[in-house]
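# Summary of structural features
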Amino acid sequence: QVQLVESGGGLVQPGGSLRLSCAASGFTFSIYAMSWYRQAPGKERELVARITSAGGSTNYADSVKGRFTISRDNAKNTVYLQMNSLKPEDTAVYYCNLKRSWTDYWGQGTQVTVSS
C-alpha cells in the first residue's frame, strides 16, 4: 500500500532554513509526479510545489518562488523541499502528496513553525 512519511519539520527563526523529506513506498515512485502541500490553521490546504517524475520540471506557488526548491531522488524513493528565507506566514503543516488514478494519497504531515 502507498505510504508517504514526512520528516524534517520544526521550529525555526524568520530567515532560517529547513529541509523536508518525504520517504515513499508501496508504488513505483519514479513514474509519478510528486507534490508538497501545506495547511495553516484556519486555512485551506494549498499546493506549494510539484515535481515531475524524472525531476525535469517543477512548479511553485507564487508565495514561495525563489525561496523553496523541490527535488527528488528516485534511487531513494524520496522527495525533498528545501525551504530558505522562511517567513512567519510559512508556518503550517506540510504534506507530501501523490496523485494516482484520480486518488490523492497523503502523508501524516510535518509541522513547520517560523517564529522568533
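See the structure shown above.
Residues numbered from 1 in each chain as written. Predicted model: local features only at pLDDT ≥ 70, side-chain atom pairs only at ≥ 80, totals over all residues. Heavy atoms only, no water.

### Examining the overall build of the chain
- When you go through the chain residue by residue, the secondary structure sums to zero helices and 11 strands.
- Reading the secondary structure of the chain in the N-to-C direction produces β-β-β-β-β-β-β-β-β-β-β.
- Taking 13 Å as the expected radius of gyration for a compact globule of 116 residues, we find that the chain reaches 13 Å, a close match to that expectation.
- Burial status across the chain gives 39% buried among its 116 residues. (Helix = DSSP H or I, 4+ residues; strand = E, 2+ residues; numbered from the N terminus. Rg over C-alpha atoms; globule rule 2.2 N^0.38 Å. Buried < 20%, exposed > 50% of the residue type's maximum accessible area, 1.4 Å probe, protein only.)

### A word on the environment of S63
- With respect to the secondary-structure elements, S63 resides in the loop between β6 (58–60) and β7 (68–73).
- With a relative accessible area of 40%, S63 lands in the partly exposed category.
- In the structure, S63 is positioned 26 residues away from E89 in sequence and 9.5 Å away in space, judged by C-alpha atoms.

### Here we look at the state of the cysteines
- For the structure shown, the criterion picks out one disulfide.
- Here C22 is linked by a disulfide to C96, with a sulfur-sulfur distance of 2.2 Å. The sign of the S-S torsion, about -85°, decides the handedness of the disulfide formed by C22 and C96: left-handed. Of this pair, C22 sits in strand β3 (residues 18–25) while C96 sits in strand β9 (residues 92–100), and the two are 74 residues apart along the sequence. (Disulfide = S-S within 2.5 Å.)

### Regarding the sheet that holds β7
- Here we have four strands laid out as an open sheet, ordered β1-β3-β8-β7, and antiparallel in their pairing. In the strand order of this sheet, the two ends are held by β1 (3–7) and β7, each with one partner. Adjacent strand axes in the sheet meet at a mean angle of 15° when their direction is disregarded. (Pairing = 2+ DSSP bridges. Axes fitted to C-alpha atoms, helices over the stretch in contact; angles between N-to-C directions.)

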